[in-house]
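# Structural description and commentary
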Amino acid sequence: MTHSVLVAEDDPFLLQTIAMVLQEHDLHVIEARDGEQAINLIRTEHPDIVLLDLLMPKVDGYSVLKQMREDALDIPVVIISNVSDDMDQQRCRELGCVDYLVKSDMDEDEIFPQIKRYLPSV
Amino acid sequence: MQTEIKTGERGRDLPLFKKAVDHAADAIVMTDTNAIIIYANAAWAQLTGYTAEEAIGKKPSILRSQKTPPSLYEEMWHCLLNRKTFRTDRLINQRKDGSEFQAEITIYPLCAEDGTTYFVGVQHDITERASAEQLRTDFITLISHQLRTPLTAIRWATNRIRRSKSALTPEERNLSEMSYAASVTMANTLHAMLLVSRIETGKKHANFSQVDLYRLLERIRYIIEPNVAAKSIALYTDFASDVCVQSDVDILQEIILILLSNALKYTQKGSITVRAVTNDTQVDISVSDTGVGIPQEEQHLIYQKFFRASNARFVSPDGSGLGLYLAESLARIIDAHLTFDSVENSGTTFTLRIPLHHTAL
């Protein structure tokens, strides 16, 4: 069974790259370019995992996390952001994210190994 | 904590003490048990716009603004009713004319000889400092997003080129390796700068938890191994599988990675050894190399921000001089101690000493 991942990222090149590396690992990628799209697609597509940027147009990542909590959606969320402040990390963890990755501190081919463990086992 | 007002023998000093309080540069206010103001000094009057006469008989809540979270007042009363000193720098107060200021305030209960409790509040205006800190924080946020996003694009794109299966000419390969390495260096420098800023603004705190040192050191070995393989030096490890410490796993990893990347950078031949030695009270994690060493006469300077040893500049001209400054600052945050032993042209050993029975506050 193919796992699906929703990637919310406003930078088109980064979104394309993340999608590409995850597709190479046979994941079905659902792309969202802002937080609003992300919430809508999470509700309709029920992905197995969400990869969420924090600073995005319209609705930011924190609000997506909050909304998911209000909707009682039990989907693991991994933050993938260039904001690395302890306060932001703590805030996201309190809002229920399972992991926090800093984009510029990692290579694109490290994303899949990092999120693999949160995918439901087949 | 209570402070007792002493009278009697020293009672004759009281007018002098009162004068000292009247003329203090910090705003001082005193209330009775019911929080009714019974005294305010000149600095308080100047800060708030109320004269002492206007204030006496009223409550300090005349300064309340809507901007202070109610939970802060709850926290304050909880503290004071338990006879403890309350401190905060998050209070937003309002002057008589309606203008607001951010106050750093200390309030403490004072017990007179007859058992009556009074409260003393000492505050000063930190609006300017707070707004400067806010500016600095905003600037850092701007840097992290505005610089890191394009940098991520460069890093990921060049990594895809250098790892692509299509044949690259030797020159193309060389160029892609160079741009990738430069982007990683830049990302690491930005990471270090942001960390320095968090430490210096007091925003970096330790999250203590039980850390399995064996797992941590194995993970670090996994991270660093590709960089070791790229050079012709050996990496030895010597640590037992059953050591746990109360510490902050991310900070520990950060420190050990700084020490290891330094060892790698300044060792041309020979080996690097990571060791963990435990006794009843502490664990010593050491990183030893057979590298260039630190010149004796420069050893006292190596934890200074931006300092780079003369031979380090020679080996690697583009270092930031932030690594050891960070390692030492981070060690202090987790109550660990970083020491070193180095002989020029022979090698260096850095040792991080972590107390074993640390009780997190």
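### Overview of the sheet that holds strand β11 (residues 282–289) of chain B
Residues and elements named next belong to chain B.
- In space, the five strands of this open sheet follow the order β8-β10-β11-β13-β12, with mixed pairing throughout. With partners counted over all chains shown, the strands left at the sheet margins are β8 (233–238) and β12 (337–343), one partner each. Across the sheet, the axes of successive neighbouring strands diverge by a mean angle of 10°, strand direction being ignored.
- By the bridge criterion, seven bridges tie strand β10 (residues 270–278) to β11 in an arrangement that is antiparallel. Residue V277 lies in a different strand from β11, and its bridge partner there is D284.
- Relative to β8, helix α7 (residues 213–229) is tilted by about 175°, and along the sheet it contacts β8, β10 and β11.

### Some words on the confidence of the model for chain B
- Chain-level statistics for chain B give a pLDDT mean of 88 and a share of 95% at 70 or above.
- The complex prediction reports pTM at 0.70, with the ipTM value standing at 0.94.

### Structural notes on the sheet that holds strand β5 (residues 99–102) of chain A
Residue and element names in this part refer to chain A.
- The parallel open sheet is built from five strands, whose spatial order is β2-β1-β3-β4-β5. In the strand order of this sheet, the two ends are held by β2 (28–32) and β5, each with one partner. The sheet shows a mean angle of 20° between the axes of neighbouring strands, taken without regard to direction.
- Bridge count between strand β3 (residues 49–52) and strand β4 (residues 77–81): three bridges; the pairing is parallel. Note on β4: the bridge partner recorded for L52 is I79.
- The strands touched by helix α1 (residues 12–24) within the sheet are β1 (4–8), β2, β3 and β4, with β2 carrying the most contacts at an inclination of about 170°.
- With respect to the sheet, helix α4 (residues 86–94) is in contact with β4 and β5, its orientation differing from that of β5 by roughly 145°.

Thresholds applied
- Residues numbered from 1 in each chain as written.
- Chains lettered and ligands numbered in written order.
- Predicted model: local features only at pLDDT ≥ 70, side-chain atom pairs only at ≥ 80, totals over all residues.
- Heavy atoms only, no water.
- Pairing = 2+ DSSP bridges.
- Helix = DSSP H or I, 4+ residues; strand = E, 2+ residues; numbered from the N terminus.
- Axes fitted to C-alpha atoms, helices over the stretch in contact; angles between N-to-C directions.
- Contact = heavy atoms within 4.5 Å.
- pLDDT = per-residue confidence, 0-100.

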